[in-house]
Amino acid sequence: MKPLSLLLAVALGFGTAVSAGPAVIECWLVEDAGRGQLTKKPAALLLRQGAESLLPRPDLDPELYLKVHDPAGALLAAFRRYPRDAPAPRCELSRYVPFPASANWVSVLTPEQSCPRALDGTWLMVSISSPVLSLSSLLRRESEPQLEPALITMATAVLTVLTHTPTPRIRLGEDALLDLSFAYMPPTPKAATCLAPGPPPFGLEWRRQHQEPPTVSLTPAPLVWAAPGEAPPELLCLVSHFYPSDSLKVEWELRGGPEGSFQKAEGQRWLSALRHHSDGSVSLSAHLQPPPVTTRQHGARYACRVHHPSLPALGRSAEVTLQVAGLSGPSLEDGVGLFLSAFLILGLVKALGWAAAYQATSKDSTEKKTQ
């Protein structure tokens, strides 16, 4: 009986190590606020409803407290295998607008010649990542929240793509087995009846993507002007065509300033959302709004330094030079003064010319009358 008891203990221990997973996943809704700025709002996904899981969430917008209906079961199944000792997954929501595909081969995937009416409505893309899984799911959100017994909004998982090997580590010369699963369920019963028999209507493409180092550029360049006590214009650092998208770090430096040869640049800073390219690489832009400058900062250099696994330890940087008006060459006020002085001198010369011409004309007229 000892082997049986040991086997039972191992089974019970495995059952406690891999639980039913989290019932609620805390997320952030990330949106583009314009001028390269992002806004973040708290959100939550209710995956399953237990005795105490459906609690009121006054801290959330009811439209961002989402009870997920998963008819295909892939999203819920992924978290039923989630290890109890694993760190909490990171979750990000973004709004999604379906567009017609540009590739010609996708036209055979659906009988409609244009986007079907089933794609109407509000769509959200949820991206969940952790050391044990990486998941993306397309959610169709209901138009209005429901009261049951907490104010919550229903959302249906239409397409889910999942891997349990988000960061594979493979020895050189060895084969690799990459895990990927996906599930699709039409958003409405009418859309389901329109499907032709066979695989679901979407394509799958495998790509082998190497680490790509980013290119870094900074504008305005090579000079940025500001008067004493005024803030320089906003600096834009474009970090383009790099891979992978994680582990990227952007730092702002002020070189040659009054505090020494190097210091961390002050000011308001933010990052844009990722822009994906057809080759699998991504780009983003980093922004810095420097504070007002002083005359002691004349000649200092603002630098944007980027760190990425594909770059050396020092990273890659681009810089612009700060010129404080009035300290190198004529200032703006001097230029305005010179312009006004030249304008007055030109007016005076013209006035003298007119006076001389008038006197000459009067003299000729007088001489003619005396003759």
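Just so we're clear, the structure is a prediction, and the values are computed from it rather than from any experiment.

(A) Geometry of the packing of aromatic side chains. For the coordinates displayed, the defined rule picks out 1 aromatic pair. Here Phe79 and Tyr82 contribute two aromatic rings whose centre-to-centre distance is 5.7 Å and whose plane-to-plane angle is 35°, an arrangement assigned as tilted. Overall, Tyr82 belongs to the buried group, its relative accessible area being 4%. The lysine or arginine in question, Lys40, covers the ring of Trp28, its NZ or CZ lying 4.9 Å from the ring centre.

(B) Spatial organisation of the state of the cysteines. A complete count under the given rule lists 2 disulfides for this structure. Through a disulfide, Cys27 is tied to Cys91; the S-S separation comes to 1.9 Å. Its S-S torsion of about 80° marks the bond between Cys27 and Cys91 as right-handed, since a negative value means left-handed. Of this pair, Cys27 sits in strand β1 (residues 24-34) while Cys91 sits in strand β4 (residues 90-96), placing them 64 residues apart in sequence. One disulfide in the model links Cys237 with Cys304; its S-S distance is 2.0 Å. Looking down the S-S bond of the Cys237 and Cys304 bridge, the torsion is -75°, so its handedness is left-handed. Placement of Cys237 in strand β12 (residues 235-242) and of Cys304 in strand β18 (residues 301-307) is noted, with a sequence separation of 67 residues between them. Each of the two residues, Cys237 as well as Cys304, counts as buried. Counting its disulfide-bonded cysteines in sequence order, the protein chain shows a connectivity of 1-2, 3-4.

(C) Molecular detail of the pattern of salt bridges. This structure, assessed with the given rule, holds 9 salt bridges. When the shortest N-O distance is used, the salt bridge between Arg305 and Glu253 registers 2.7 Å. Pair noted here: Arg305 is in strand β18 and Glu253 is in strand β13 (residues 249-257), with a separation of 52 residues, a long-range link. In this structure, Arg255 engages Glu319 in a salt bridge whose closest nitrogen and oxygen atoms are separated by 2.7 Å. Of this pair, Arg255 sits in strand β13 while Glu319 sits in strand β19 (residues 316-324); the two residues are 64 residues apart in sequence, bridging distant segments of the chain. Within the structure, one salt-bridge network assembled from shared partners comprises Glu253, Arg255, Arg301, Arg305 and Glu319.

(D) Structural detail: the nonpolar core. Within the largest apolar cluster, 26 residues are counted, with the highest numbers of intra-cluster contacts made by Leu218, Leu235, Cys237, Trp252 and Tyr302. In this structure Leu218 touches Leu235, Leu236, Cys237, Trp252, Tyr302, Cys304, Ala318, Glu319 and Val320, once residues within four positions along its chain are discounted. Grouped together as the second largest cluster of nonpolar side chains are 25 residues, Leu29, Val68, Leu135 and Leu162 included.

(E) A look at a nonpolar patch on the surface. Judged by side-chain polarity, Val161, Ile170, Leu178, Leu180, Phe182 and Trp206 come together as a nonpolar surface patch covering roughly 540 Å² of accessible area. Within the secondary structure, Ile170 sits in the loop between β8 (151-163) and β9 (181-184). Look at Ile170 and you get partly exposed, because its relative accessible area is 45%.

(F) Unusual backbone geometry, seen in detail. A cis geometry characterises the amide bond from Thr219 onward to Pro220, with omega recorded as -5°. Within the secondary structure, Pro220 is located in the loop between β10 (215-219) and β11 (223-226). In this structure, Pro244 follows Tyr243 across a cis peptide bond, with omega equal to 0°. Positive phi values are uncommon outside glycine, yet His241 reaches one of about 55°. As for its position among the elements, His241 is in strand β12.

(G) A look at the pairing of β10. Only one face of β10 is covered, namely the one carrying Val216 and Leu218; the face carrying Thr215, Ser217 and Thr219 has none of its residues buried. Examined bridge by bridge, β10 and β12 share 5 bridges and lie antiparallel to one another. The residue bridging Leu218 from the neighbouring strand is Cys237, located in β12.

(H) A look at the environment of Leu76. Structurally, Leu76 is set in helix α2 (residues 74-80). Its relative accessible area of 22% is what places Leu76 among the partly exposed residues. With sequence-adjacent residues up to four places away left out, Leu76 is seen in contact with Leu47 and Asp70.

(I) Focus on the confidence of the model for the protein chain. Taken residue by residue, the protein chain gives an average pLDDT of 77. The fraction at 70 or more is 71%. Put simply, helix α1 (residues 2-17) is where the protein chain has its lowest mean pLDDT, 32, and β18 is where it has its highest, 93.

(J) Focus on the side chain of Thr153. With respect to the element layout, Thr153 can be found in strand β8. Beyond its immediate stretch of four places on either side in the chain, Thr153 contacts Pro62, Glu63, Tyr65, Leu66, Lys67, Arg141, Glu142, Glu144 and Pro145.

(K) Fine view of the pairing of β8. Counting buried positions along β8 yields 10 of 13 residues, so the element is predominantly enclosed. Where strand β3 (residues 65-69) lies against β8, 4 bridges are found, and the strand directions are parallel. Opposite Val68, over in β8, you have Ala155 as the bridge partner. For strand β6 (residues 133-141) and β8, the ladder comprises 8 bridges, and the chain directions are antiparallel. Bridged to Leu135 within β8 is Leu162. For strand β7 (residues 146-147) and β8, the ladder comprises 2 bridges, and the chain directions are antiparallel. Bridge pairing links Gln146 to Ile152 in β8.

Conventions adopted
- Residues numbered from 1 in each chain as written.
- Predicted model: local features only at pLDDT ≥ 70, side-chain atom pairs only at ≥ 80, totals over all residues.
- Heavy atoms only, no water.
- Phe/Tyr/Trp six-rings, centres within 6.5 Å; stacked < 30°, edge-to-face > 60°.
- Buried < 20%, exposed > 50% of the residue type's maximum accessible area, 1.4 Å probe, protein only.
- Lys NZ or Arg CZ within 6 Å of the ring centre and 35° of its normal.
- Disulfide = S-S within 2.5 Å.
- Helix = DSSP H or I, 4+ residues; strand = E, 2+ residues; numbered from the N terminus.
- Salt bridge = Lys/Arg side-chain N within 4 Å of Asp/Glu carboxyl O.
- Core = buried A, V, L, I, M, F, W, Y, C linked by side-chain atoms within 4.5 Å.
- Contact = heavy atoms within 4.5 Å.
- Patch = residues over 30% accessible without salt bridge, like charges linked within 9 Å, V, L, I, M, F, W, Y side chains within 5 Å.
- Areas by Shrake-Rupley, 256 points an atom, 1.4 Å probe, with all protein chains shown as cover.
- Pairing = 2+ DSSP bridges.
- pLDDT = per-residue confidence, 0-100.

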